[in-house]
Amino acid sequence: MLKLNRVNKIFNEGTADEKIALEDVNLELKQGDFVTIIGSNGAGKSTLMNIISGVLFPDEGRVEIGGSVVNQLKEHQRAPLIGRVFQDPMAGTAPTMTIEENLAMAYSRNRPRKLRKGVTKARRDMFQEYLETLHLGLENRLTAKVGLLSGGERQALSLLMATFTQPKVLLLDEHTAALDPARASLITQLTKRIVADSGLTTLMVTHNMQQAIDLGNRLIMMDKGMIILDVPPEQKGSLTIERLLKEFERLRGEKFASDRAVLG
Ligand SMILES: Nc1ncnc2c1ncn2[C@@H]1O[C@H](COP(=O)(O)OP(=O)(O)OP(=O)(O)O)[C@@H](O)[C@H]1O
């Protein structure tokens, strides 16, 4: 469903500021895989997400989504293929629009222009049903402006908007990191449920090692632009933070250093 073949990305090549952000990255996700990504600061995690979504283009290598090479497609052209939730709850929704208008916008994302009808009665009923699945009471606030929602509510709405059109790939970019622990836990549980119910192929970046261990069927660790560890489904169940840190030390000959990593 998602395939990266020998992807390279260098920033400021040939200057004193040269940074190899991705080096020969190979990654393949099968339909329904839920892969969590951890790594030290500057490991290349955001660059990887940006290369997949078309915010950035690789210098070399191939990106395939759903069996098609998308290297030439710009971000907006890939939008129907990709659902993305960002760290910032403000990023995924339009604050001055209502909940139902935001949902209508997301719903229209991969429909032909003539079918983009905005909010119809049938759609309102459908949106209400989707919102009910969040168990946050948002189904009763369809005409409330999204700017009035709490960070957790907005992130739940972003998650719904990113997933209910069944994209080929769901990208979760530290999407619980800006929330307080209770709300982060709520969004984590919602993520688990939505991904399990929808069977979406998912890639999630997190600095929280325990979250990376608890969610998904595969875990990859990045360092200095490379995927240095890929824990398959059959080994993921027995992973611990201690084992991950030891593994990093064994592979890199140094201790895992990340000023933002949440180790417990
Ligand atoms: N637009 C850019 N211009 C120059 N260098 C960049 C740019 N974006 C990223 N980099 C560099 O590329 C490397 C990878 O950055 P990236 O943001 O992908 O890492 P990350 O794993 O997401 O880090 P963090 O966990 O700190 O967010 C870093 O060395 C970073 O400084």
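Here the residue numbers are simple positions, counted from 1 along each chain's written sequence. Under the rules for a predicted model, residues below a pLDDT of 70 receive no local features and side-chain atom pairs below 80 are neither given nor counted, while totals for whole chains, interfaces and linings still include all residues. Water and hydrogen atoms were dropped before computing side-chain values, which therefore reflect all heavy atoms in the structure.

**Observations concerning the nonpolar core**
Across soluble globular proteins, nonpolar side chains have a tendency to be buried as a group.
Argument step 1. What is meant by a nonpolar core is a set of buried Ala, Val, Leu, Ile, Met, Phe, Trp, Tyr and Cys residues, joined one to another through side-chain atoms within 4.5 Å. Per-residue accessibility, obtained with a 1.4 Å probe over protein chains only, is compared with the maximum for each type, and a residue is labelled buried under 20%, exposed over 50%, and partly exposed between these values. Among the nonpolar cores identified, the biggest contains 32 residues, and I99, L103, F127, L131, L134 and L157 are the most heavily contacted of them.
Argument step 2. Where helices and strands are cited, they refer to DSSP runs of H or I of at least four residues and of E of at least two residues respectively, numbered from the N terminus. Breaking this core down by element, the ones donating at least two residues are α3 (99–108), α4 (121–132), α5 (151–163), β7 (169–173) and α6 (181–198).
Argument step 3. Leaving out residues up to four positions away in the same chain, I99 has contacts with L131, L138, R141, L142, A144, V146, L149 and L157.
Argument step 4. Formed by 26 residues, the second largest nonpolar core is a distinct cluster that contains I52, L81, V205 and M222. Working rule for contacts: check all heavy atoms of both residues, and any pair within 4.5 Å makes them a contact.

**Quick notes on the packing of α5 against α6**
Argument step 1. Where α5 contacts α6, the axes come no closer than 10 Å and their chain directions differ by 15 degrees. One element, α5, and the other, α6, form an angle in the roughly parallel class. Crossing of α5 over α6 shows right-handed handedness. Contacts between α5 and α6 pair G152, Q155, A156, L159 and T163 from the former with R183, I187, L190, T191 and I194 from the latter. Axis definition: a line fitted to C-alpha atoms, limited for helices to the stretch in contact. Angles are taken between N-to-C directions and run from 0 to 180 degrees. When an angle is under 35 degrees it counts as roughly parallel; over 145 it counts as roughly antiparallel; between 65 and 115 it counts as roughly perpendicular; any other value is oblique. For any helix crossing, the convention is left-handed if the near helix is rotated counterclockwise from the far helix by under a right angle, and right-handed if that rotation is clockwise.

**Focus: the site of the ligand**
Argument step 1. Lining the immediate environment of the ligand, one finds 14 residues, of which K19, G42, K45, S46 and T47 sit closest.
Argument step 2. Polar contact is the term for a pair of N or O atoms within 3.5 Å; when the atoms are in protein, one must be able to donate a hydrogen and the other to accept it, and sequence-neighboring residues count only if both atoms are side-chain atoms. At 2.8 Å, a side-chain N or O of K45 approaches an oxygen atom of the ligand.
Argument step 3. A distance of 3.1 Å separates an oxygen atom of the ligand from a polar side-chain atom of H207.
Argument step 4. The element that contributes the greatest number of residues to the shell around the ligand is helix α1 (residues 45–53), accounting for 3 residues.
Argument step 5. In this classification, Asp, Glu, Lys and Arg are treated as charged, Ala, Val, Leu, Ile, Met, Phe, Trp, Tyr, Cys and Pro as nonpolar, and every other residue, Gly included, as polar. Considering only residue class, the shell around the ligand consists of 3 nonpolar, 8 polar and 3 charged. Proximity is defined per residue: if any heavy atom of the residue lies within 4 Å of a molecule or strand, that residue is considered near it.

**Notes on the packing of α3 against α5**
Argument step 1. In the contact formed by α3 and α5, the axes pass within 9 Å of each other and the chain directions differ by 30 degrees. One way to sum up the angle between α3 and α5 is to call them roughly parallel. In this structure, α3 crosses over α5, and the sense of that crossing is right-handed. Between α3 and α5, the residues in contact are I99, N102, L103 and A106 and L157, L160 and M161, respectively.

**Focus on the environment of V146**
Argument step 1. Topologically, V146 is positioned in the loop between α4 and α5.
Argument step 2. On the basis of relative accessible area, V146 is assigned to the buried category, the value being 0%.
Argument step 3. Remark: the alpha-carbon pair of V146 and T96, spanning 50 residues in sequence, is separated by 6.5 Å.

**Remarks on the environment of L2**
Argument step 1. Take L2: it is sitting in strand β1 (residues 2–11).
Argument step 2. For L2, a relative accessible area of 1% translates into the label buried.
Argument step 3. In the structure, L2 is positioned 67 residues away from V69 in sequence and 9.8 Å away in space, judged by C-alpha atoms.
Argument step 4. Contacts of L2, omitting those with residues within four sequence positions, involve L27, E28, L29, I52, E64, I65, V169 and L203.

**A word on α4**
Argument step 1. Along its 12 residues, α4 runs 17 Å from first to last C-alpha, staying within 8% of the 16 Å computed at 1.5 Å per residue.
Argument step 2. Of all the positions in α4, only R123, F127 and L131 are classed as buried. When α4 is viewed along its axis, its buried side chains cluster within an angular range of 75 degrees and face the same direction. When the buried face of α4 is taken as reference, the exposed residues oriented beyond 90 degrees from it are K121, A122 and E129.
Argument step 3. On its buried face, α4 is in contact with α3 and α5. Helix span, as expected, comes to 1.5 Å for every residue beyond the first. An arc is given here, and it is the one of the directions from the helix axis to the C-beta atoms.

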